[in-house]
Amino acid sequence: MKKKVGFIGWRGMVGSVLLKRMLEEKDFLHIKSIFFSTSQIGEKNPKFSNFLFPGFLKDAYNIEELKKLDIIITCQGSLYTQKVFPILRSSGWSGYWIDAASDLRMNKDALIVLDPINHMHIKNAIYNGIKTFVGGNCTVSLMMLALGGLFRQNLIKWVSFSTYQAASGAGSKYIKELLEQINFLNQYLSKKSTFSQSILKIEKNITSITKNFDFPKKNFLIPLILNLIPWIDSSMPNGQSKEEWKMESETNKILSTENNNRVLIDGTCVRVSSLRCHSQSFVIKLKKDISLHKIEEILSNDNKWVKVISNDKESTLKELTPLSVTGTLNIPIGRLRKLNIGSKYLSAFTIGDQLLWGAAEPLRRMLKFLV
């Protein structure tokens with residue numbers, strides 16, 4: 001009998017990408033799909049050109065309806081999880097909960113899922129009765145896929161990172177605001193007389209426009225276009241942002257490392273004007289000196305999505321940019337070299353699509369495990 005799977009938050013960015021991937025992989029053929037809504041209850045289920053879901057949207061807050069499900073997969077966000085999950089569990093529901101939101105990640109009875117890395121931990125968790133599975137932080141998942149071989153062989157002592165995170169990581173309204181900022185600037189740049197001015201005059205005018213009080217910045221608080229924001233998420237007591245804190249805490253939970261064997265990870269998370277791909281630069285201290293050729297071999301052989309890019313200008317420009325990766329499951333890693341400060345120090349740069357491996361794909365694959 002097909003498992004009854006409820007979908008919540010399927011209209012948003014992550015939910016839409018999840019449904020698209022499930023349709024591509026024909027996952028819906030193996031489940032009974034029930035769609036829920038928080039705002040459009042009673043309307044018809046979604047319809048795609050090649051797939052029709054009969055029926056009507058159910059109330060995402062109706063606990064009795066949710067209790068009928070074998071599996072719930074939600075991309076609705078933290079507020080929904082906070083409101084519904086504890087009530088549903090206390091009602092006696094013992095089904096599987098798969099969540100894109102961060103709230104449950106560090107709970108003892110929840111597992112962060114990234115199956116190319118922690119496949120056996122997922123299988124053991126299911127066997128041991130764990131019923132709550134959560135997708136990891138986007139930068140954590142993309143880092144771990146890129147560096148998977150080094151993590152798996154326990155070769156990393158510590159990682160210092162700098163991220164370059166896309167607007168999509170903040171949500172759809174942030175992408176729209178970035179596009180609004182572009183459009184606002186274009187009103188000046190599209191004038192025929194603009195480029196007849198000196199470049200310093202153009203630069204001065206552009207800067208003045210971005211500092212204008214009516215420049216679109218309701219969500220970002222400051223312009224992101226022609227700019228960057230070196231702070232993501234809330235503040236932690238030690239001066240980190242929460243996004244930076246997640247890098248070490250979630251990585252070690254995914255790896256199930258003991259306290260005395262934790263991988264130390266710290267750095268700075270930065271928002272840039274890329275649309276949906278996160279980039280990351282790493283300085284890695286290895287536990288032992290191994291050749292660059294061996295490192296490349298370890299990385300390449302770990303999973304089928306990672307690809308080592310040659311450390312030359314042509315290859316880097318062609319294959320190691322957000323535009324070359326967006327919309328794909330590819331995880332390129334390049335700029336690999338030993339640093340001058342010591343033979344155990346490695347530099348690396350990687351990119352991944354925040355909406356795919358950074359969000360939707362681990363949830364889709366977790367659902368396949370349960371089905």
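Preceding this paragraph is the structure being described.
Before going into details, it helps to say that this report is about the structure given with it. Fair warning: this is a prediction, and the values are worked out from it, not measured in the lab.

## Digging into the overall build of the chain
So, point 1. Counting its secondary structure elements, the chain contains 13 helices and 15 strands.
So, point 2. Scaling as 2.2 N^0.38, a compact globule of 371 residues should have a C-alpha radius of gyration of about 21 Å, and the chain matches this with 22 Å.
So, point 3. Its C-alpha atoms give the chain principal-axis dimensions of about 70 × 55 × 45 Å.
So, point 4. Evaluated residue by residue, the chain yields a buried proportion of 50% over its 371 residues.
So, point 5. Restricting to contacts in the chain with at least 6 residues of sequence separation, those with at least 24 account for 70%.
So, point 6. Roughly 18300 Å² of accessible area belongs to the chain as shown, and the carbon and sulfur atoms make up 53% of that amount.
So, point 7. Positive and negative side-chain charges of the chain, numbering 51 and 32 respectively, have mean locations separated by a distance of 2 Å.

## Looking at helix 4 (residues 115-127)
So, point 1. Compared with the 18 Å implied by 1.5 Å per residue over 13 residues, the 15 Å span of helix 4 between its first and last C-alpha is markedly short.
So, point 2. The largest bend in helix 4 comes to about 35°, at histidine 121.
So, point 3. Contacts from the buried residues of helix 4 go to strand 8 (110-113), strand 9 (132-135), helix 5 (138-146), helix 6 (148-152), helix 9 (242-255) and helix 13 (356-370).

## With respect to the nonpolar core
So, point 1. Among the nonpolar cores identified, the biggest contains 71 residues, and Phe7, Phe28, Met144, Leu150 and Phe151 are the most heavily contacted of them.
So, point 2. In terms of residue count, the dominant contributor to this core is helix 13 (eight residues).
So, point 3. The contacts of leucine 150, once residues within four sequence positions are left out, are Leu155, Ile156, Leu286, Ile295, Ile298, Leu299 and Leu346.
So, point 4. Within the second largest apolar cluster, 17 residues are counted, among which are Ile34, Ala60, Ile63 and Trp93.

## What about unusual backbone geometry?
So, point 1. For asparagine 154, which is not glycine, the phi dihedral falls at a positive 55°.
So, point 2. Within the secondary structure, asparagine 154 sits in the loop between helix 6 and strand 10 (156-164).
So, point 3. At aspartate 233, a position not held by glycine, the phi torsion is positive, near 80°.
So, point 4. With respect to the helices and strands, the residue aspartate 233 is situated in the loop between helix 8 (199-210) and helix 9.
So, point 5. Judged by its relative accessible area of 37%, aspartate 233 is partly exposed.

## Structural notes on the packing of helix 1 (residues 13-24) against helix 13
So, point 1. Here helix 1 crosses helix 13 at 50°, and the two axes come no closer than 9 Å. Of the possible angle classes, the one that applies to helix 1 and helix 13 is oblique. Seen from above, helix 1 lies across helix 13 with right-handed handedness. Residue-level inspection shows Val14, Val17, Leu18, Arg21 and Met22 of helix 1 in contact with helix 13, the latter providing Leu356, Ala359, Ala360, Glu361, Arg364 and Leu367.
So, point 2. Residues of the contact of helix 1 with helix 13, tallied by class, amount to eight nonpolar, no polar and three charged.

## Here's the deal with the pattern of salt bridges
So, point 1. A complete count under the given rule lists 19 salt bridges for this structure.
So, point 2. Residue aspartate 115 is joined to arginine 365 by a salt bridge in which the shortest nitrogen-to-oxygen separation is 2.7 Å. Remark: arginine 365 occurs in helix 13 and aspartate 115 occurs in helix 4; sequence separation between them is 250 residues.
So, point 3. Residues participating in the shared-partner salt-bridge network are Lys20, Arg21, Glu24, Glu25, Asp27, Glu361 and Arg364.

## Examining the packing of helix 7 (residues 172-189) against helix 8
So, point 1. Close contact between helix 7 and helix 8 brings their axes to 11 Å; oriented N to C, the two are set at 140°. For the crossing formed where helix 7 meets helix 8, the hand is right-handed. Together, Phe184, Leu185, Tyr188 and Leu189 of helix 7 and Lys201, Ile202, Asn205, Ile206, Ile209 and Thr210 of helix 8 make up the contact between the two elements.
So, point 2. For the contact of helix 7 with helix 8, a count of residues per class yields seven nonpolar, two polar and one charged.

## A look at the sheet that holds strand 2 (residues 31-37)
So, point 1. With respect to topology, seven strands assemble into an open sheet ordered 5-2-1-6-7-9-8, the strand pairing being parallel. Both edges of this open sheet fall to strand 5 (58-59) and strand 8, since each of them pairs with a single strand only.
So, point 2. Strand direction decides the pairing type here: strand 6 (residues 71-74) and strand 7 (residues 96-99), joined by four bridges, are parallel. Along strand 7, the bridge assignment pairs isoleucine 73 with isoleucine 98.
So, point 3. Sheet contacts for helix 3 (residues 78-90): strand 1 (3-8), strand 6, strand 7 and strand 9; angle to strand 7, the most-contacted strand, approximately 170°.
So, point 4. Together, strand 7, strand 8 and strand 9 form the strand contacts of helix 4, whose direction differs from that of strand 8 by roughly 155°.

Reading the values: the criteria
Residues numbered from 1 in each chain as written. Predicted model: local features only at pLDDT ≥ 70, side-chain atom pairs only at ≥ 80, totals over all residues. Heavy atoms only, no water. Helix = DSSP H or I, 4+ residues; strand = E, 2+ residues; numbered from the N terminus. Rg over C-alpha atoms; globule rule 2.2 N^0.38 Å. Buried < 20%, exposed > 50% of the residue type's maximum accessible area, 1.4 Å probe, protein only. Contact = heavy atoms within 4.5 Å. Areas by Shrake-Rupley, 256 points an atom, 1.4 Å probe, with all protein chains shown as cover. Lys, Arg positive; Asp, Glu negative; His and termini not counted. Charge placed at Lys NZ, Arg CZ, Asp CG, Glu CD. Expected span 1.5 Å × (residues − 1). Bend = angle between axes of the 7 residues up to and from the residue. Core = buried A, V, L, I, M, F, W, Y, C linked by side-chain atoms within 4.5 Å. Axes fitted to C-alpha atoms, helices over the stretch in contact; angles between N-to-C directions. Parallel < 35°, antiparallel > 145°, perpendicular 65-115°, else oblique. Left-handed = near helix turned anticlockwise from the far one by under 90°. Nonpolar A, V, L, I, M, F, W, Y, C, P; charged D, E, K, R; others polar. Salt bridge = Lys/Arg side-chain N within 4 Å of Asp/Glu carboxyl O. Pairing = 2+ DSSP bridges.

That's the geometry; what it means functionally is another story.
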